[in-house]
Amino acid sequence: MATRKKDFDLALVLKAAQRCKQEDGSISMEEFLRAYNELCRFFKLIGRIFGFVAKDLEDKISILEGYVDRNPDQYRTVQSMIDHEVSNNITKLRGRPPSGSRTLLRLHRALEFILAFMRRLGRSSDHDRTSYIASDVYKVTLAKYHPWIVQKMAVLAMYTLPARKDLIEMMCKQDYEEVLQLLIQVTTAAQPVYDITQKLYADNGILNLP
């Protein structure tokens with residue numbers, strides 16, 4: 001489905017992020033993927049160069065949804081997925097489809113960029129250029145995993161991004177003041193999801209899956 005301006009729904013992301021972390025500390029795959037389906041719109045709207053990122057993320061969401069559908073018990077949470085794949089020695093699987101752990105790791109890395117960008121966006125002023133914010137955040141997050149030529153293209157493309165107020169009014173369904181509040185709420189709700197996932201991967205020695 002085509003992504004239109006003012007199509008990004010931060011309230012939907014917030015709702016899914018709040019439901020993602022379960023009472024026992026586990027991370028719901030269903031809610032994680034629900035949030036990420038909406039976050040793909042963010043990448044489509046932030047700039048043309050990130051269209052390839054959005055397409056890659058959509059492909060990975062589809063792979064994970066397939067795992068959840070076929071094996072709901074093993075893939076109900078991020079923890080159960082990693083436990084299943086580590087115990088069966090399939091985390092490094094790169095075939096078609098690749099392992100769930102390898103696939104989710106790519107979404108996890110992109111989430112680091114999204115949360116850092118949203119946090120900086122929320123703290124900036126109305127007239128700050130989001131191009132500088134995005135490029136600064138990109139250089140210390142997603143750029144680590146992209147080849148040199150992609151890094152250069154991404155930074156150049158981000159220089160076309162407008163001031164904060166213009167970007168928000170162009171991208172988001174909610175009005176400007178509501179978005180500023182939602183940025184804080186989304187990053188607050190989603191950061192524990194990122195932190196728990198980061199620790200799970202680190203504890204299992206799979207943070208650098210090829």
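Refer to the structure printed above.
Residues numbered from 1 in each chain as written. Predicted model: local features only at pLDDT ≥ 70, side-chain atom pairs only at ≥ 80, totals over all residues. Heavy atoms only, no water.

A. Looking closely at the packing of aromatic side chains. Considering all chains together, one arrives at five aromatic pairs under this definition. Between Y67 and Y75 the ring centres are 4.8 Å apart and the planes differ by 15°, which places this aromatic pair in the stacked class. The exposure class assigned to Y67 is buried, which follows from its relative accessible area of 10%. A residue is classified by how much of its surface remains accessible, and Y75, at 2% relative accessible area, is buried. Residues F113 and Y138 carry aromatic rings whose centres are separated by 6.5 Å and whose planes lie at 85° to one another, so their mutual orientation is edge-to-face. In this pair, F113 is assigned in helix α5 (residues 100-123) and Y138 in helix α6 (residues 130-140), connecting sequence segments 25 residues apart. By the burial criterion, F113 is buried, and Y138 matches it. Ring pairs connect the aromatic residues F113, F117 and Y138, which therefore count as one cluster. Sitting over the face of the ring of Y67, R70 holds its NZ or CZ atom 5.2 Å from the ring centroid. (Phe/Tyr/Trp six-rings, centres within 6.5 Å; stacked < 30°, edge-to-face > 60°. Buried < 20%, exposed > 50% of the residue type's maximum accessible area, 1.4 Å probe, protein only. Helix = DSSP H or I, 4+ residues; strand = E, 2+ residues; numbered from the N terminus. Lys NZ or Arg CZ within 6 Å of the ring centre and 35° of its normal.)

B. Main features of helix α1 (residues 10-20). Looking at α1, one finds that the buried residues are L10, V13, L14, A16, A17 and C20. The N-terminus of α1 is capped by D9, whose side-chain oxygen sits 3.1 Å from the backbone nitrogen of A11. (Polar contact = N/O pair within 3.5 Å; in protein donor to acceptor, adjacent residues only side chain to side chain.)

C. View of helix α8 (residues 164-171). What α8 keeps buried is the set R164, L167, I168 and M171. Buried residues in α8, looked at end-on, bunch into an arc of 95°, giving them a common side. (Arc of directions from axis to C-beta.)

D. Just the layout of surface pockets, in detail. Here the largest pocket is characterised by a volume of approximately 230 Å³. Lining of the largest pocket is provided by 10 residues; of these, D56, R106, L142, Y145 and H146 occupy positions nearest its centre. Listed by contribution, the elements that provide at least two residues to the lining of the largest pocket are α3 (51-70) and α5. Looking at the lining of the largest pocket element by element, the count peaks at four residues for α3. Taken together, the residues of the lining of the largest pocket sort by class into six nonpolar, one polar and three charged. (1 Å grid on protein atoms, 1.4 Å probe; cavity = no way out; pocket = protein on both sides within 12 Å on 5 of 7 lines; lining within 4 Å. Points joined across faces, edges and corners; volume = space filled by probe spheres on them. Nonpolar A, V, L, I, M, F, W, Y, C, P; charged D, E, K, R; others polar.)

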